[in-house]
Each structure stands twice: as structure tokens, then as C-alpha cells.
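So the chains spell out like this:
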Amino acid sequence: MQLTVWTYEGPPHVGAMRVATAMKDVHYVLHAPQGDTYADLLFTMIERRDKRPPVTYTTFQARDLGSDTAELFKTAAAEAVERFQPKALLVGASCTAELIQDDPGGLAKALNLSVPVVPLELPSYSKKENWGAAETFYQTVRTLAGPNAPAPGSERTPRPVGRAPSCNLLGPTALGFRHRDDVLEVRKLLESIGVEVRVVAPLNATPADIARLGEADFNVVLYPEIALSAASWLKRTFRQPHTTVVPIGIGATKDFLKEVGELTGVDPNPALAGEPSRLPWWSRSIDSTYLTGKRVFVFGDGTHAVAAARVAQEELGFEVVGIGTYSREMAREVRAVAERYGVEALITDDYLEVEERIEALQPELVLGTQMERHMAKRLGIGCAVISAPVHVQDYPARYAPQMGWEGANVLFDTWVHPLVMGLEEHLLGMFREDFEFHDEAGGSHLAHGTRRATAAAEPVPEPAAAEIRIAAPVLQAAESRAEAESAPAAGEPAWTAEAEKELKKIPFFVRGKARRNTERFAAEHGVAAITVETLYDAKAHFGK
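Residues numbered from 1 in each chain as written. Predicted model: local features only at pLDDT ≥ 70, side-chain atom pairs only at ≥ 80, totals over all residues. Heavy atoms only, no water.

Participant: Please explain helix H21 (residues 532-542) as it appears in this structure.
Facilitator: Three- or four-residue spacings in an α-helix give side chains the same orientation, since the helix completes a turn every 3.6 residues. Taken residue by residue, H21 has Thr534, Leu535 and Ala538 as its buried positions. The buried side chains of H21 occupy one side of the element, clustering within an arc of 105° when seen end-on. Set apart from the buried face of H21 by more than 90 degrees, the exposed residues are Glu533 and Lys539. (Buried < 20%, exposed > 50% of the residue type's maximum accessible area, 1.4 Å probe, protein only. Helix = DSSP H or I, 4+ residues; strand = E, 2+ residues; numbered from the N terminus. Arc of directions from axis to C-beta.)

So, in C-alpha cells, the structure goes:
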């Protein structure tokens, strides 16, 4: 655990809250101090849920530490069962409460409550949010589905002839990135080839739904970070196979349908023949060629980072120059993808390391989380969000999946628009100094006495002396910071103002490459100051 301004994942009890909030008829009693109730805002403000999470906090205070905090927990648990009447109760401790070692699981068991209790031991100082969600879902499945497990060593009964194959969708939670819409899209995919969806869990599942997970023929693992451990237990216990392909992108969606066909004996070809997505057409069209080969950096949770790299490199024609994840549980998968594309994987949960890598690689597009969006904005690079953590704008009211055919359309729009709109901004900037189109010129189709022209002709009042005295130090400080940030390092060539101005005329998505090539050319030829002539000499040199 470390002190940081930003974090990719919360503590594991937040992951437990995501599972509890996603389910129905479940309540979570969290042994936590008063300040830990902040987690409610993640669901009501960020995800815009219409009700609070089903969580009761013991909210002990500093003065309670000298008394019996265990008794405080037992009282809270008993009152929660009586008030909310859940069908199952989750109990655990926050990172702060973990230090006092009250053992919520043992205390709840001693109460002999009338509902099943799922004790959660979530090591807050060594694990994080996604692991907490996975462990909570796993323990919930074991507790509620375990009593219905067949005898060890027994074979699974074959599906009756004539009955449609069935599956469960595992992994979607509250506060998940587009989980709600992914479920709808994957359900449509499966139903298009005649596969019935029995249970979606944990999202909108009841304890009774969890208890009957073993009835389906197989499981679909939508988000391995959350569902793989539970799916592996169901495979060992109920002899249920599970899918391994996450259907994000055209290629992965096709592979997913083929995998389901192999598990069930169903012919996926009718669904494969349709391919109702515009992404393949666009990637083959001439309109896409001016974006082909653009350098892309990918960072996010393991599932979305791996999927995004494949779509970017193999379906949109981008060049993946870097990939990373904060999900250490999926580091192996991300490293394998990095090796396939000949880049170095970045496995870290330190956003400063991620920002350093982006600055070093100078990509034309960043595919990342909310935090990479901020980094890219500061660096003047286009960015699209592909993974949690995200902010409120990435929980849209509209239908916007990441998976399946429609998900491919969403990826196409989300990823390409930052590049296209950036080109538009470049054109506006390029014509800003034109005699006809500059900012102070009125519309060319209007009379000369336009409102803008009239306003431009009006004299601007001089600022008061007091305003000048106040503003001058602020402006001087800002100019000093700007000079310090733009100043070259010792031994590196410096850009003249005219060269910087000329560089800005180059489209933003190749501007970084032009800057790097020019600085390299200047260093190789001993040029101390980069002028406009140096810029064009470098262009001619590397254009041979």
C-alpha cells in the first residue's frame, strides 16, 4: 500500500462491494471506520445508480478502539439481517478494520443467523480491487452452489437430445466498464446460434440463481479478472467447461462463436456469415489509409488491454508501440501479447511510470483508462478510454457495448474519432493566420459590418494600474514555467520560435515523429539551434 494522488484500483473491499451491489437479495456488512463510507459515491455518483449499495458499515470511531469493536460488528450484522431481510449475507473488513483483527467471518458464524453467510478474508495490504471482486464471487459461488455439487468423481449427465444447449455468463459486476451492455450483446450472439443463457452472475443474480449455476452446460467467462477463479471451481466441481475467448473485436467475436460451437456441437456459421459490423468495411476502405500505421500505446486491465492490442494491430492497421496493465494477475497474458508485437510490456500500478512510457514512445493515439486520458490531454495526444477506472462520461445512458458485432462498431467510433477530430483541429489551426479565415475576420459570406468585425474595431479599455500590479507576477511565473518546460536538456539542440511555429503546421498525428526525426538529424549533424531550414533538411533526409 502506498500514498498516491491517483490509483488504478481501490482496496479489495471495494471489489467485494461491486459484487454485492450487482446482486439482488444480498447484503454486505463491512467492518470499517467512519471514513470508509466514501465508497458509496463510486456507485451513486460515478456509475449513476438510483440507489445506495446494499452495504452496512459498522462505522467505529477512534474512541471505540478502547472498547469491544467485535460486539459492535455483531450488533450491526444482526440488525442488517433483521432490517433488510437478505437471502445471503457477505461479511468482511476494510483495510483499516483489518488491523484490529476482529474476524468478521467467525463473529457472524457465532450469531447463527437465518441466512447463509459468506465470510470474506481480503488482504488489503497485498491485494487490490479486481482480486477482491474475484475472491468475493468465488466464495459466493462456493457457498451457495456447493450444496448442489455432485459426488466427487461422478460424470456429468449428457444433455438430452433435442434440448438447446445452455450457459451462464460470468463476470459482470456493478461499476464495471460497459458490463451492462456487454451482457446484452453477448446474449444476442449466443441466442443467434441457439444457445440459451440461464444465469448472468453476479450482475442481477439472486442467491437462488447462484445455487443453480451447475445446471447449465457450460460457462462464458466475460471478464477473466473477476470470473476465472469461480469458473475454474465450477469446472472441477460440476464438470462444466468454460470459454477462454473474450469477444472484443471482429476476430475475437468470430473465435468466440467458433469456441462455443466446439463446446456445444452447434453450427456457428449462420452467425459468422452475417458479421453485422462496419469496422471490417472501414478498415478495408480507402478512407482508412490516412490513419494506417499510426502508433498506438495501450494500457488498462488485462482483458481490455489484450483485446485492444489485437483490434488496433490486426483490424484497424495501427502499430502497437507499447502495451501494459495494472492487473498483475494477468501480467503473463499481457507479456505474451507484447512479445507477439515486438514491444516491451509495462506491468505497473504507478501512473507516473505509465506517463513516462507514453512520453518516451510519443504515440499518435493512447488507448487507456481515465488516467491515461488526462496524461494524453496534457501531452497533446489523442486518447480513447478502453478500460476501468473511468469517470461518469464512460457510463453512458445509451447502448455502447465493447463486445460482439455492435461492440466493434463502438470501438471503431471511439478510437478513430480522436484522430479524425484532431485532424480537423489541425486544419483549423493551419488556416488560422490566413488573410480570409483568421480569427478576427468576419464570415466571408457576410457583410463587412459583421458583429465580429464591429467588436474588433471597438477600443479595448486599458487595465487599471492595480490590475497590472496583480497580474504581472502571475504572468511572469507562468512564462517562467513555460520556458522551463520547453527548455532543452543540456547538450540537446534547441528549437527556434520560427521552427516551433512551422512544426505546428504538421498534422498532430505525425508531429511527434517529425519532432523526433528533426532532433535526431540535428544531433547527428551537430546543429545547436533547430531552424525552419533544419526542419526541412531533416524531412528531405528521412524522406529518401
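Moving on from the model shown.
Participant: Teacher, can you tell me more about the side chain of serine 327 here?
Facilitator: Within the secondary structure layout, serine 327 lies in the loop between strand E9 (319-325) and helix H13 (331-340). For serine 327, a relative accessible area of 0% puts it in the buried group. At 3.5 Å, the side chain of serine 327 and the backbone nitrogen of glycine 302 are in polar contact. (Polar contact = N/O pair within 3.5 Å; in protein donor to acceptor, adjacent residues only side chain to side chain.)

Participant: What is the right way to read the packing of helix H5 (residues 129-145) against helix H8 (residues 224-238) from this model?
Facilitator: Axes are the key here: two packed helices are described by the angle between their axes and the distance separating the axes. Direction vectors running N to C along H5 and H8 enclose 25°, while the axes themselves pass 6 Å from each other. Of the possible angle classes, the one that applies to H5 and H8 is roughly parallel. H5 and H8 meet at a crossing whose hand is right-handed. On H8, the residues touching Asn130, Ala133, Ala134, Phe137, Tyr138, Val141, Arg142 and Ala145 of H5 are Glu225, Ile226, Ala227, Ser229, Ala230, Trp233, Leu234, Arg236 and Phe238. In terms of residue class, the contact of H5 with H8 is built from 12 nonpolar, two polar and three charged. (Axes fitted to C-alpha atoms, helices over the stretch in contact; angles between N-to-C directions. Parallel < 35°, antiparallel > 145°, perpendicular 65-115°, else oblique. Left-handed = near helix turned anticlockwise from the far one by under 90°. Contact = heavy atoms within 4.5 Å. Nonpolar A, V, L, I, M, F, W, Y, C, P; charged D, E, K, R; others polar.)

Participant: Is there a simple way to explain the packing of aromatic side chains in this structure?
Facilitator: The geometry of an aromatic ring pair is captured by two quantities: the separation of the ring centres and the angle between the planes. Per the stated rule, a full pass over the model turns up four aromatic pairs. When the centroid spacing of 5.0 Å and the interplanar angle of 15° are considered together, the rings of tyrosine 8 and tyrosine 326 count as stacked. Of this pair, tyrosine 8 sits in the segment before helix H1 (12-22) while tyrosine 326 sits in the loop between E9 and H13, and the two are 318 residues apart along the sequence. Accessibility expressed as a relative area gives 5% for tyrosine 8, which makes it buried. Geometrically, the ring pair formed by tryptophan 233 and phenylalanine 238 is edge-to-face, given 6.1 Å between the ring centres and 70° between the ring planes. (Phe/Tyr/Trp six-rings, centres within 6.5 Å; stacked < 30°, edge-to-face > 60°.)

Participant: Please clarify how the pattern of salt bridges should be interpreted in this entry.
Facilitator: Oppositely charged side chains can form a pair if their charged atoms are brought close together. In total, this model carries 22 salt bridges according to the counting rule given. Across the pair arginine 515 and glutamate 500 runs a salt bridge, and its minimum N-O distance is 2.9 Å. Within this pair, whereas arginine 515 is found in helix H20 (residues 508-524), its partner glutamate 500 is found in helix H19 (residues 497-503), the two being separated by 15 residues in sequence. The class for arginine 515 is partly exposed, based on a relative accessible area of 27%. Given the relative accessible area of 25%, glutamate 500 is considered partly exposed. Two residues, glutamate 524 and arginine 520, come together in a salt bridge whose shortest N-O distance is 3.3 Å. Placement of the pair is glutamate 524 and arginine 520 together in helix H20, with a separation of four residues, close to one helical turn. (Salt bridge = Lys/Arg side-chain N within 4 Å of Asp/Glu carboxyl O.)

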